[in-house]
Amino acid sequence: MLSPPVIRTASQPSFSQREFRASLAMFATGVTIVTARTPDGALIGLTANSFNSVSLNPPLVLWSLSQAASSMAALSSGSHYAINILAADQKALAERFASRIPDRWQDVSFTEGLHGVPLLTGAAATFECFNRSRYQEGDHVIFVGEVERCSHRAGAAPLLFHGGRFYTEHPL
């Protein structure tokens, strides 16, 4: 007869939230802007560096968003969004969409992708996604998108983020 499975839980953290954030900042990431439209057509956009590939077949990507984000309701209920990987010359755009300014979209150049999602002009790559699934974990929601269309700008240098600062790539 099999024994019942042992339920295991993590130990309490031995570090502060500040130390955790500082340690996470040591992982260099690319920078993206996630874009979408509300049902009434309003533009949504936010800077995120929590982007990752999940699967090649089907083509899946993920990103995460704080549950407290003002755009959470629209992004959770919308059917589509785009992930725009920023190029090295788009630092100002990353800062703009990370800020709380009222009209982030003023004078921002974009085209409309599938289902009307905004695709930022000059992005190094774009992924147009069906909002396939969401998972609440801790104080964030993990979004998994099924990529319906993607494109990239060959040779574009990416914008990178590390230790609270922006960088460009430097081949070794």
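Note that the coordinates shown come from a computational prediction; the quantities given were computed from them, not determined experimentally.

**Points about the packing of aromatic side chains**
- In total, this model carries eight aromatic pairs according to the counting rule given.
- With centroids separated by 5.5 Å and ring planes inclined at 35°, the aromatic side chains of Phe51 and Phe127 adopt a geometry described as tilted. Residue Phe51 is located in the loop between strand S3 (43-48) and strand S4 (52-55), and its partner Phe127 is located in strand S9 (residues 125-137); the two are separated by 76 residues in the primary sequence.
- On the basis of relative accessibility, which here comes to 24%, the residue Phe51 falls in the partly exposed class.
- Judged by its relative accessible area of 18%, Phe127 falls in the buried class.
- Residues Tyr81 and Phe143 carry aromatic rings whose centres are separated by 6.3 Å and whose planes lie at 90° to one another, so their mutual orientation is edge-to-face. One end of the pair, Tyr81, is in strand S6 (residues 80-85); the other, Phe143, is in strand S10 (residues 140-152), and 62 residues separate them in sequence.
- Taken together through their ring pairs, the aromatic side chains of Trp63, Tyr81 and Phe143 make up a single cluster.

Procedures and definitions
All residue numbers refer to positions counted from 1 along the written sequence of the respective chain. Whole-chain, interface and lining totals are the exception, using all residues; otherwise, since this is a predicted model, local features are given only for residues with pLDDT of at least 70 and side-chain atom pairs are given and counted only at 80 or more. Working from all heavy atoms in the structure, the side-chain values ignore hydrogens and water. Put simply, two rings from Phe, Tyr or Trp (the six-membered ring, in Trp's case) pair if the centres are within 6.5 Å, and we call them stacked under 30 degrees between planes, edge-to-face over 60, tilted for the rest. Helix and strand labels come from DSSP, where a helix needs a run of H or I of at least four residues and a strand needs a run of E of at least two; each type is numbered from the N terminus. Accessible area is worked out with a 1.4 Å probe on protein chains only. A residue is then buried under 20% of its type maximum, exposed over 50%, and partly exposed in between.

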